[in-house]
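Below are the chains, spelled out letter by letter.
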Amino acid sequence: MKDGTPTAAAPRIDVPVAITAARVLRLLEVPAALAVVVALWQVVSVAVGNKTLVPPPSLVLTAWVELVHGDLRDDVLASLAHLALGYALGAGTGLALAVLSARFAMLESIVDPFVELLRPISAIAWIPLAILMFGISAKVPVFLIFYAALFPIFVNTVAGVKQVDPQLVRAARALGASPRLILTHVVMPSALPFVLAGARLSLGVAWMAMVAAELTGSDAGLGWRLFWYQEFFAMNKVMAVILTIGVLGFLLDTLLRGLQARITRWSPDASRDDAR
Amino acid sequence: MIDRRAWLPFSVVAAAMVIAWQAGVVSMRQQALVPYPVGVVEAAVRTVKDGSLLTATANSLVRVLVGFGIGALFGIPLGVVMGFVRPVGRALGPIVDSLRSIAPIAWIPMALLWLGIRGNAALFIVAYAAFFPFVINAAQGARLIDRNLVNAARALGAGRALVLRAVVLPSALPAILAGARISMAFAWGSIIAAELAMGIKVTSGTSGAVGLGQLMVSTLYVRRDVNALVLYMIVIGVISLFIDLAMRRLQRSLTPWGHS
């Protein structure tokens, strides 16, 4: 689903590199593309001629600088707090259920159908019920994040456990390992790449659920701030918040991707993204 | 999947839960804000009879299909070019990645401003959500194609456009269809989010064609009907199951050789 080809991992011999024209051009590719996008944005903004309808990049930038020194920090902190709590609960529950399912077949035969029944109901669909249950509060995004984060990591961990080489398990058993020892020392390490890929998927959907929940059912956070500024028609600030959401989401994913590559460098599955 | 015999513990537990739930709600005599199984069935009968459920579902589905089409229309060509022409891919990759990180629903204030409340704003959100899986997967598909095929076509005198159309696009098709499945799932998730946000934001009576999301908002704030809310959630889940099934089937019938 996402581009995670581990090109950097290829063995490479470091030769002192000459600064060639091609190399410089290559460095300029991304800034050039960025410049083109910003220029296009500016052109559209001028063509439309309405600073509310399409705020020019310069205005958004000044709004963003202003926000960084003002409200934005609180919003970011509120959002990250929602995310941290909801994600810890959701991913933790998902992981625990998956591990327990791997250990106890009876539990799996009960949990798995429930997951398959609930999973198609997206977190978003829970928003109205969550608002009803919790009122407009931080509990709504936390619940939504919890729900969204639960399934990808569960499904991936179960898949990871299923693909463990049965020979390894048999070997460990033959050598007298207890079921618990097999779980912690054979099954889980072997499933780790899947678990981490699931954790990353979970974070992605949790981020989306967070924004949606904050937009509709919260009184703090980045999503809530979007509509707050919309009330004042401060669209340059709305744009600044939108871009902040993008940058933060990107940073979080990059962080987890780096972690994933680092922890499971040994694994050929390290770059896989989901178990489907 | 689990074999049939293993369904027994689940069925027992599920049935016990439903019965206990119903019994609990009945014994509490506080049925206003707690959904209960029989109430959900009643809500189903009621909303199907007055047609509101079917109309709303149809409206949402139409938006998803149109938004999905728009996403494909822009996403597939961009992705193929990004994957096939390396410098373009390197230059646009980070930009696509950061735009992708913006939750589609975050655009709703801008979309409402640009396109209005009559459903087009939701369409924008859906198209935005559907766009990125197409780009990413088409790019991946086009990047991984066999260069020998391209070189062979070149050597036989094919121009760049012909190579793209006759060699690159077909080779990338399995990846594109895998992307389409993700796109469709994203689109269905975000239509509900967009309609919910619009329903909460836009309280005037003339909010265009009401979709499932708006129906949920009015059910929550106006009618206060919890059972109907649960019913709509179930409908959303069932539809996303069907969508996934349909996309899988499409994938299999269009690219029987593909294994992604």
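Below is a summary of the structure that appears in this document.

Cut-offs used in this document
Residues numbered from 1 in each chain as written. Chains lettered and ligands numbered in written order. Predicted model: local features only at pLDDT ≥ 70, side-chain atom pairs only at ≥ 80, totals over all residues. Heavy atoms only, no water. Core = buried A, V, L, I, M, F, W, Y, C linked by side-chain atoms within 4.5 Å. Buried < 20%, exposed > 50% of the residue type's maximum accessible area, 1.4 Å probe, protein only. Helix = DSSP H or I, 4+ residues; strand = E, 2+ residues; numbered from the N terminus. Contact = heavy atoms within 4.5 Å. Salt bridge = Lys/Arg side-chain N within 4 Å of Asp/Glu carboxyl O. Buried area = accessible area lost by both parts, 1.4 Å probe. Polar contact = N/O pair within 3.5 Å; in protein donor to acceptor, adjacent residues only side chain to side chain. Nonpolar A, V, L, I, M, F, W, Y, C, P; charged D, E, K, R; others polar. Axes fitted to C-alpha atoms, helices over the stretch in contact; angles between N-to-C directions. Parallel < 35°, antiparallel > 145°, perpendicular 65-115°, else oblique. Phe/Tyr/Trp six-rings, centres within 6.5 Å; stacked < 30°, edge-to-face > 60°.

## Some details on the nonpolar core
For step 1, the next point in the chain: Ranked by size, the top nonpolar core spans 139 residues in total, and within it Tyr 87 and Leu 144 of chain A together with Ile 105, Ile 108 and Trp 188 of chain B carry the most contacts.
For step 2, the next point in the chain: In terms of residue count, helix 8 (residues 179–217) of chain A provides more of this core than any other element does, 17 residues in total.
For step 3, the next point in the chain: Beyond its immediate sequence surroundings of up to four residues, Trp 188 of chain B is in contact with Ser 60, Leu 61, Val 64, Leu 212, Ile 236, Ile 239, Ser 240 and Ile 243 of chain B.

## Points about unusual backbone geometry
For step 1, the next point in the chain: Within the chain, Phe 233 of chain A stands out as a residue other than glycine whose phi angle is a positive 55°.
For step 2, the next point in the chain: Assignment of secondary structure puts Phe 233 of chain A in the loop between helix 9 (222–231) and helix 10 (235–263).

## A word on the pattern of salt bridges
Residue and element names in this part refer to chain A.
For step 1, the next point in the chain: Evaluated as defined, the whole model comprises 11 salt bridges over all chains.
For step 2, the next point in the chain: The salt bridge involving Glu 108 is made with Lys 162; its shortest N-O contact spans 3.2 Å. Residue Glu 108 is found in helix 4 (residues 105–118), and its partner Lys 162 is found in helix 6 (residues 139–162); the two are separated by 54 residues along the sequence.
For step 3, the next point in the chain: By relative accessible area, which is 19% here, Glu 108 ends up buried.
For step 4, the next point in the chain: What makes Lys 162 exposed here is its relative accessible area of 58%.
For step 5, the next point in the chain: Close ionic contact of Arg 119 with Glu 116 constitutes a salt bridge, the shortest N to O distance being 3.7 Å.
For step 6, the next point in the chain: Here the salt bridges do not stand alone but share partners, grouping Arg 200, Asp 253 and Arg 257 into one network.

## Notes on the interface of chain A and chain B
For step 1, the next point in the chain: Contacts between chain A and chain B engage 56 residues on the former and 58 residues on the latter.
For step 2, the next point in the chain: Buried area between chain A and chain B, both sides added, is near 4800 Å², and the carbon and sulfur share of it is 78%.
For step 3, the next point in the chain: Taken together, the links from chain A to chain B amount to zero salt bridges.
For step 4, the next point in the chain: Here chain A and chain B share three residue pairs in polar contact (both at pLDDT 80 or more) between them.
For step 5, the next point in the chain: Looking at the side of chain A that touches chain B, the elements that each hand over two or more residues are helix 1 (21–48), helix 4, helix 5 (127–134), helix 8, helix 9 and helix 10 of chain A.
For step 6, the next point in the chain: The greatest single-element share of the side of chain A that touches chain B, amounting to 10 residues, is contributed by helix 10 of chain A.
For step 7, the next point in the chain: Tallied by class, the residues present in the side of chain A that touches chain B amount to 39 nonpolar, eight polar and nine charged.

## Some points on the packing of helix 3 (residues 52–84) of chain B against helix 4 (residues 86–101) of chain B
All names here are of chain B.
For step 1, the next point in the chain: Running from amino to carboxyl end, helix 3 crosses helix 4 at an angle of 125°, the nearest separation of the two axes being 6 Å. As the angle between them shows, helix 3 and helix 4 are arranged oblique. On helix 4, the residues touching Leu 78, Val 81, Met 82, Gly 83 and Phe 84 of helix 3 are Arg 86, Val 88, Gly 89, Leu 92, Gly 93 and Val 96.
For step 2, the next point in the chain: Here the contact of helix 3 with helix 4 is built from residues that sort into seven nonpolar, three polar and one charged.

## Brief notes about the packing of aromatic side chains
Residue and element names in this part refer to chain A.
For step 1, the next point in the chain: Scanning the entire structure with this criterion turns up 16 aromatic pairs over all chains.
For step 2, the next point in the chain: For the pair Phe 134 and Phe 143, a centre-to-centre distance of 5.7 Å together with 50° between the ring planes defines the contact as tilted.
For step 3, the next point in the chain: Owing to a relative accessible area of 30%, Phe 134 belongs among the partly exposed residues under this scheme.
For step 4, the next point in the chain: The interplanar angle of 75° and the centroid separation of 5.6 Å between the aromatic rings of Trp 228 and Phe 232 together place this pair among those described as edge-to-face.
For step 5, the next point in the chain: On the basis of relative accessibility, which here comes to 37%, the residue Trp 228 falls in the partly exposed class.

## With respect to the environment of Val 66 of chain B
For step 1, the next point in the chain: Mapped onto the elements of the fold, Val 66 of chain B is located in helix 3.
For step 2, the next point in the chain: For the pair formed by Val 66 of chain B and Phe 124 of chain B, sequence separation is 58 residues and the distance between their alpha carbons is 9.8 Å.

## Thoughts on the environment of Pro 256 of chain B
For step 1, the next point in the chain: Tracing the chain through its elements places Pro 256 of chain B in the segment after helix 10 (226–254).
For step 2, the next point in the chain: With 116 residues separating them in the primary sequence, Pro 256 of chain B and Gln 140 of chain B have C-alpha atoms 19 Å apart.

Function cannot be read off these values alone, since they describe shape.
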